[in-house]
Structures are given as structure tokens and as C-alpha cells.
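Coordinate analysis (summary)
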Amino acid sequence: MDSISAVDKELDKVTNKFSSISDHSQRTLSDLILQLQNLQRDLIVLSSELHLPITHQNVIASNQCQLSGIQKVILNQNIQKVRDIISQIASEHREIHASVSRVGKMIDKNFTADFDAVGNEAFLDDPSKVQIINQVIVEHFLRQGMLEIAEELIHESKLDIPPEKKNPFTELNSILDALKRKDLQPALEWAKSHREWLNEQNSLLEFKLHRLQFVELLSQGIEKQSELIAYARANFQVLAERHENEIQSLMGSLLYLKMGIESSPYSHFLDPINWNEICEVFTRDACALLGLSVDSPLSVTFNAGCHALPALLNIKQVITQRQVTAVWNTKDELPIEIDLGKKCHFHSIFACPILRQQGSENNPPMRLVCGHVISRDALTKLTKDNKLKCPYCPVEQNPQDARQVFF
């Protein structure tokens, strides 16, 4: 993030400088053109006073008359002024090139192009893992509504994804597109067909959709009063038990139909943020119904990688400089702990209370007969003569009686 901020600052400098130079050049050139037009007019006036048969062509490049001393002085002064201005603009243009060059240097400084040191491409040798990656990418495209790209990838990678797994994504995206166009009908039909499940999840989706539809009618003024009352009777009765106070507030807004909701205490109903919120609520509930997370696995993995990559590059550089490469000779586990935030906490993590190591496939948690849990490595190190004494209680036991724990 710090690297991105550093590059962003340089880009802001270039953008601001370019805008400043562009405005200054436009003003300077406009003033120069105006001065040259005035010069042309003054020369014509001066020639007429000297009784010279002068025209526009004669003033600039005519061989039929000779310029007077005053005209030569004026022309030379303006020619020198034009040269100075052109030189100044060229100098400012060179400064932009220097600023753009600094952006490139800042990118090279803050971003490493070679990620082989922290990458592991060996898994690409396993066709089954490649298929899993392709499935994750296909699901991401389906979530984003990029159906043609997803179908092409399915065809090229020879994936077998049945239509029943693709159709829900198609429906989800069509409803989201309708919501972005402020068309609530598809979402309302979806919510009505899944009302029982939504109520079990204590979802607010159906009420929020009806509230938005009510507010849309409300914004059209007093002419929609009877339609508003009919809509409330038809749709709010089944929702009244859970949303009584909100419905009362909506009905209270009818008192201000004549004067306009925009200038009433209920003007917050018209806030455009409500449309953004309904898209998020629908996406969350629809994904929950499909048994999916709100964010696709690909986007979660990508964001986690972007967050972890700088720390991994730094520790790899330190390991290389101190010539202790044996400290990290495997790429299946991280050499340091990286906190990705609560959004990336999906399951419980076991840390051995004896060795202070995080559990892994090769070093899983083991439950002792007495109920205490330690790692397999700790179990091996504490075993003597095929006997194990629990480090937390005096129970002596056979290490073979320990059982692996699955989180």
C-alpha cells in the first residue's frame, strides 16, 4: 500500500504539472496571437500614415515596398518575443518529460518485476490443480456476468460444468443489472419466491425492495396518492409484524405529498445510496442461498496476495542478504506471520502451545488421552521410551493413543 501511495503521489505531481503547463501554454499562445494581430493592424495603420500602398502580404513578405525603420524595429522586437515564448514552452515541455521519467523510476523502485523468489509454479505440473484454478476463474467470470468469456474458457480448458451450476449466476447478474437500471420487479419476484428462506435468515431484502418501490411512487407527487395506499395495503401487510415502525414512517410521509417529499422530514427516503445498498443486500442474500461467499475466491486470493507480497519480498531480500536461505527452503508455508485482516479469517487456526508453531498438513494438532491438544512435532519431541507425559497435567500415556484433530 505504501508503494502504491508513493507512485500515486508522483502521478499526481505529473498530472498537476501537465494541467498547469497546458493552461499556461494556452494563455501564452492566445496572448501571442492577439499581439501579432495587433501588430498587423498597427503596421497597416502606420503604412497608411506614411502613404505606402501596403496590404497584408506587403507587410509580411512583400518585395514591392521597403519597411521603414520604425516597422523594422517593431518586427524585430516581436520576432524576438515569439522566439522567447517558444523557447519557454519547449523548456516547460522538457520538464514534463523529466517528471514522467521520475514516475517510471518510482515504479521500478517500489515494485519488483521478478516474483519468482516467492512464487511456486510446481503445482502447475499437476493437471488436477490446473483444473481447479480454471474452475475458480470460470466462477469469477460467471459472477461478474462475463458469460461469453466463461463459456470460452470452459470450452478451451475442457471443464465439465453442468447448466444447473451456471444458471443461478445468469439469474443473479440479470437481476443486478435490472437493479442498476432501477427496475425492482425481477428482484421482487426473486424475493417473493424465496420468502420462506429469507425469513429464516432474518433478511431485510424483501422489505427494502418494497420500500424502494414505495419511495419511487412517493417521489412522483400527490397524483400517486391512491396508488401508494393500494401498494401499501397489498405488500406491507405480510411484512408488518417485523417492520411495523418502518412502515409507519413510510405511511407518515404521505402527509407531505402535496408540499413535496424533498423538503419534508422524510427527504432521506430519496437518498441515492439506498439503491447502492439494495444491490449489496441482494448480492449477499443470493450468494448465501447458493452457498457462496459474497466475494469470489479469485478476488479474495488476489487481494490476499497483493497484501502479503510486499512482506514476502522484504523477508526474501533479508534472507538473501544474510545468506541464510536454508531458513526458508519450502514454499508451502510462510516464513513469517502475515495478518490479512478479519475479512480473510475463514476458519480456526491451531497454534501449538509448546512449540509456538502454526498447525499444517505435515504438523497437525493431536489430541492426547487427557484432552489436551499439541502439535505432532511436539508430541514426537516429548516422547521418551514410547511414553509421553502431558506437559499440562501429570497423566502419563502412550503417544500412539493420540488422535489427530480436524478443524
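For every chain, the first residue of the written sequence is number 1, and numbering continues from 1 onward in sequence order. The predicted nature of this model means local features are confined to residues of pLDDT at least 70 and side-chain atom pairs, given and counted, to a pLDDT of 80 or more, with totals for whole chains, interfaces and linings taken over all residues. Remark: hydrogens and water are excluded; side-chain values derive from all non-hydrogen atoms of the structure.

As annotated in an unreviewed UniProt entry, the chain carries the name Protein RMD5-like protein and is attributed to Leptotrombidium deliense. UniProt positions are given in the numbering used here, feature names are shortened, and annotations may be inferred rather than shown by experiment. The heading Subcellular location (unreviewed entry) in the UniProt record of the chain holds the text "Cytoplasm".

Our focus in this paragraph is the packing of helix 6 (residues 163-180) against helix 7 (residues 185-193). It is the contact of helix 6 with helix 7, at a shortest axis distance of 8 Å, that shows an interaxial angle of 135 degrees. What the angle tells us is that helix 6 and helix 7 run oblique. Residues Glu171, Ile175, Ala178 and Leu179 of helix 6 touch helix 7, and the partners they reach there are Pro186, Ala187 and Trp190. Three categories are distinguished: nonpolar for Ala, Val, Leu, Ile, Met, Phe, Trp, Tyr, Cys and Pro, charged for Asp, Glu, Lys and Arg, and polar for the others, with Gly belonging to the last. Taken together, the residues of the contact of helix 6 with helix 7 break down into six nonpolar, no polar and one charged. For helices, the fitted axis covers only the stretch in contact; all axes are lines through C-alpha atoms, and the angles between them, taken along N-to-C directions, range from 0 to 180 degrees. The helix count covers DSSP runs of H or I at least four residues long, the strand count covers runs of E at least two residues long, and both are numbered beginning at the N terminus. Small angles under 35 degrees read as roughly parallel and large ones over 145 as roughly antiparallel, with 65 to 115 read as roughly perpendicular and the rest as oblique. Residue contacts are counted whenever heavy atoms from the two residues lie within 4.5 Å of one another.

Across the sheet, three strands lie side by side as 2-1-5; this open sheet has antiparallel pairing. On the outer flanks of this sheet lie strand 2 (373-375) and strand 5 (403-404), each paired with one strand and no other. In the sheet, strand 1 (residues 365-367) pairs with strand 5 via two bridges, with the strands oriented antiparallel. Among the inter-strand pairings, Arg367 is bridged to a residue of strand 5, identified as Arg403. Strands are labelled as partners when DSSP assigns at least two bridges between them.

Remark: helix 9 (residues 205-218) packs on helix 12 (residues 273-289), axes separated minimally by 10 Å, with the N-to-C direction vectors making an angle of 155 degrees. Between helix 9 and helix 12, the angle is such that the two are roughly antiparallel. Considering how the two elements wind past one another, helix 9 and helix 12 form a crossing that is left-handed. Where helix 9 abuts helix 12, its residues Leu205, Lys208, Leu209, Arg211, Leu212 and Glu216 lie against Asn274, Trp275, Glu277, Ile278, Val281, Phe282 and Asp285. Looking at side-chain class alone, the contact of helix 9 with helix 12 contains seven nonpolar, one polar and five charged residues. By definition, any crossing whose near helix is turned counterclockwise from its far helix by less than a right angle is left-handed, and any crossing with a clockwise turn is right-handed.

On to the state of the cysteines. Counting rule for disulfides: a pair of cysteine sulfur atoms within 2.5 Å. Per the counting criterion, the structure on display carries zero disulfides. Free of any disulfide, Cys370 has its nearest cysteine sulfur in Cys390, 3.5 Å distant.

The phi torsion at Lys182 lies on the positive side, around 65 degrees, for a residue other than glycine. For Lys182, the location among the structural elements is in the loop between helix 6 and helix 7. With a phi angle near 55 degrees, Asp385 is a residue other than glycine that sits in the positive phi range. Looking at the element boundaries, Asp385 is found in the loop between helix 14 (376-382) and strand 3 (388-389).

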